[in-house]
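What follows is each chain in one-letter form.
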Amino acid sequence: AFEITPSGANESLVNQSTGINIGNIAAGTEVMVNFDLVIPPAVTTMPPGNYINDSTKLVLRTSDADILDNTKSLLIKTNIGALLNINIGGAEYVPGSLAPYTMSFGTLSNNANRSVNVTTRANVQHELHIVSENNGTMIGPLPNTSNHVAYVATFDGNDLKLNNESVVPLGEKTTLSGTTRVFKVTITEIGNARAGYYQD
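Residues numbered from 1 in each chain as written. Predicted model: local features only at pLDDT ≥ 70, side-chain atom pairs only at ≥ 80, totals over all residues. Heavy atoms only, no water.

### Section: the overall build of the protein
Turning to step 1, where the next piece is worked out: When its secondary structure is counted, the protein shows zero helices and twelve strands.
Turning to step 2, where the next piece is worked out: Going from N to C terminus, the protein has its helices and strands arranged as β-β-β-β-β-β-β-β-β-β-β-β.
Turning to step 3, where the next piece is worked out: A burial count over the protein gives 28% of its 200 residues as buried.
Turning to step 4, where the next piece is worked out: Across the protein, contacts joining residues at least 24 apart in sequence account for 70% of those joining residues at least 6 apart.
Turning to step 5, where the next piece is worked out: Of the roughly 13700 Å² that the protein leaves accessible, carbon and sulfur atoms contribute 51%. (Helix = DSSP H or I, 4+ residues; strand = E, 2+ residues; numbered from the N terminus. Buried < 20%, exposed > 50% of the residue type's maximum accessible area, 1.4 Å probe, protein only. Contact = heavy atoms within 4.5 Å. Areas by Shrake-Rupley, 256 points an atom, 1.4 Å probe, with all protein chains shown as cover.)

Right under this line is the structure:
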C-alpha cells in the first residue's frame, strides 16, 4: 500500500492529516490521485500582489514509511487585488453605486448636530477627500437657493475646512473588518433663514 504525505510542518491534507492512502498498485500501472487545495480565511489584511509557495513537496511512501519518491514539488500561486471601499452609516458599499447617505436634521436649530459612522476597508495606502458643494452652507428653501444656513464639520474629531477640498490621510491599510471614524456636522447659526428645506 502507498500514500502521499505533505513534507512541511505547517502543511496538511484536508481530512487526511496523515496522507492520502492510495492502496495497492500493481506493477507497471498508474494511479491518478486528486485532492483539493484550500486557502483558509486571512487573519489580517494582506497587501495586494502575487503570493507563491514553491516549497511544498509530495512524498510517495509505503505504508511502512519507506520513502519511494520525495523529488516532486507543488507550485501554489494566488493573487490578491487592491481592496478599497467605504460604508456610510453602516450601509453596505456596492462597487459602482453612487447612492448617497442622507443626514437629516429635521427642524433646524442653532448648534444642532448629527453624526454618522464612516467605515473604510483597504489593503493599500488610502485617503478620504471631503468637499462641500456649497462651501459649508446649506442652501434653500428648495427649490430656491437664496438663503444660507452655515454649518461646521469634523471627521475623526478633526475640523474640516469646507471652503475647499479637505484631504484626510487614512493610512496604509485597515483591519479585516475595516476602520470606523465619525463624521459630525453642527449647525452654527440659522439667523433669519426662511422656512423650508435646505441642503448641501
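### Observations concerning unusual backbone geometry
Turning to step 1, where the next piece is worked out: In this structure, the amide linkage connecting glycine 140 to the following residue, proline 141, adopts the cis form with an omega of -10 degrees.
Turning to step 2, where the next piece is worked out: In this fold, proline 141 is placed in the loop between β8 (137-140) and β9 (147-155).
Turning to step 3, where the next piece is worked out: That bond from leucine 142 to proline 143 is cis: its omega, 5 degrees, falls within 30 degrees of zero.
Turning to step 4, where the next piece is worked out: Positioned with a positive phi, asparagine 111 is a non-glycine residue whose angle comes to about 70 degrees.
Turning to step 5, where the next piece is worked out: According to the relative accessible area criterion, asparagine 111 is exposed, its value standing at 55%.

### Some remarks on the pattern of salt bridges
It is possible for side chains bearing opposite charge to pair when their charged atoms get close.
Turning to step 1, where the next piece is worked out: One pass over the full model with this rule turns up two salt bridges.
Turning to step 2, where the next piece is worked out: Its salt-bridge partner being aspartate 69, residue lysine 72 comes within 2.8 Å of it at the nearest N-O pair.
Turning to step 3, where the next piece is worked out: Accessibility expressed as a relative area gives 46% for lysine 72, which makes it partly exposed. (Salt bridge = Lys/Arg side-chain N within 4 Å of Asp/Glu carboxyl O.)

### So, the side chain of threonine 120
Turning to step 1, where the next piece is worked out: Tracing the chain through its elements places threonine 120 in strand β6 (residues 113-122).
Turning to step 2, where the next piece is worked out: Assessed through its relative accessible area of 5%, threonine 120 is described here as buried.
Turning to step 3, where the next piece is worked out: The residues touching threonine 120, leaving out its near neighbours within four places in the chain, are Asn85, Ile86, His126, Leu170, Thr174, Gly178, Thr179 and Arg181.

### Details of the confidence of the model for the protein
Turning to step 1, where the next piece is worked out: Taken over all residues, the pLDDT of the protein has a mean of 84, while the share at 70 or more is 86%.
Turning to step 2, where the next piece is worked out: Within the protein, the lowest mean pLDDT, 57, falls on strand β1 (residues 2-6), and the highest, 95, falls on strand β10 (residues 158-159). (pLDDT = per-residue confidence, 0-100.)

### A closer look at the nonpolar core
Turning to step 1, where the next piece is worked out: Of all hydrophobic cores here, the largest spans 20 residues; its most connected members are Ile130, Phe155, Leu160, Val168, Phe183 and Ile187.
Turning to step 2, where the next piece is worked out: The set of elements that each furnish at least two residues to this core consists of β6, β7 (126-130), β9, β11 (166-171) and β12 (179-189).
Turning to step 3, where the next piece is worked out: For this core, the leading source of residues is β9, giving four residues. (Core = buried A, V, L, I, M, F, W, Y, C linked by side-chain atoms within 4.5 Å.)

### Concerning the environment of serine 109
Turning to step 1, where the next piece is worked out: Considering the arrangement of structural elements, one finds serine 109 in the loop between β5 (84-88) and β6.
Turning to step 2, where the next piece is worked out: Linking serine 109 and threonine 188, residues 79 residues apart in sequence, is a C-alpha distance of 8.7 Å.
Turning to step 3, where the next piece is worked out: Those residues within four positions of serine 109 in sequence are excluded, and the remaining contacts are Ile187 and Ile190.

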